[in-house]
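# Architecture and fold: a report
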Amino acid sequence: MAKYLLDTHIFLWWLSDAEQLSQEVFDILSDTSNQIYISSATIWEIAIKEALGKLKVDADLNVAIEENGFRELKISAICANATKKLEQIHRDPFDRMLISQAIEGKMTLITVDRFIVQYENVKILSFKK
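A few points on the structure. (Residues numbered from 1 in each chain as written. Predicted model: local features only at pLDDT ≥ 70, side-chain atom pairs only at ≥ 80, totals over all residues. Heavy atoms only, no water.)

### Quick word on the layout of surface pockets
Estimated volume of the largest pocket: approximately 200 Å³. In terms of lining residues, the largest pocket is bounded by D7, T8, H9, L12, W13, E45, K49, K54, L55, D92, D95 and D113. Those elements that provide at least two residues to the lining of the largest pocket are α1 (8–16) and α3 (40–51). The element contributing the most residues to the lining of the largest pocket is α1, with four residues. Along the lines of polarity and charge, the residues of the lining of the largest pocket split into three nonpolar, two polar and seven charged. (1 Å grid on protein atoms, 1.4 Å probe; cavity = no way out; pocket = protein on both sides within 12 Å on 5 of 7 lines; lining within 4 Å. Points joined across faces, edges and corners; volume = space filled by probe spheres on them. Helix = DSSP H or I, 4+ residues; strand = E, 2+ residues; numbered from the N terminus. Nonpolar A, V, L, I, M, F, W, Y, C, P; charged D, E, K, R; others polar.)

Right, here's the structure in full:
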């Protein structure tokens, strides 16, 4: 059993545009023996972008997490505090939280973000379509 944390793009593609995902990522997310986590930071980021009119999501994200067998990963004080130790490669606070959560939770972070993949102390699964 492996543990994976999805970045925002991966989560949104899974919900609405799975063709964007590589076969490897699709297989990982489809395998019920894997533990797939969605950070509260991801839900928060999506909510902010929806409120600003920058994004439209046609799903109830809380329901989508449950129906897909994913797990919510809450933001802990430990992870929040650990973001200050990260290199300043990425300045986006949501992505910095995901990096910290992946490190602290010993998870593989699935992403297409070109900045996140530059971090050496986090296990990353990245792909390009």
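### Things to note about the pattern of salt bridges
Tallied over the full model, the rule gives three salt bridges. Residues K49 and E45 are paired through a salt bridge, measuring 3.2 Å at the closest nitrogen-oxygen approach. Of this pair, K49 and E45 are both found in helix α3, four residues apart, which corresponds to roughly one turn of the helix. Looking at K49, the relative accessible area reads 35%, which means it is partly exposed. By relative accessible area, which is 5% here, E45 ends up buried. K74 serves as the salt-bridge partner of E72, at 3.5 Å between the closest nitrogen and oxygen. (Salt bridge = Lys/Arg side-chain N within 4 Å of Asp/Glu carboxyl O. Buried < 20%, exposed > 50% of the residue type's maximum accessible area, 1.4 Å probe, protein only.)

### Notes on the nonpolar core
With 20 residues, the main nonpolar core has L6, F11, L29, F70 and I110 as its most contacted residues. Among the secondary structure elements, those contributing two or more residues to this core are β1 (3–6), α1, α2 (23–30), β2 (35–39), α3 and α4 (61–67). With four residues, the top contributor of residues to this core is α1. Residues within four places of F70 in sequence aside, it is in contact with L6, F11, W14, L29, I36, I38 and I65. (Core = buried A, V, L, I, M, F, W, Y, C linked by side-chain atoms within 4.5 Å. Contact = heavy atoms within 4.5 Å.)

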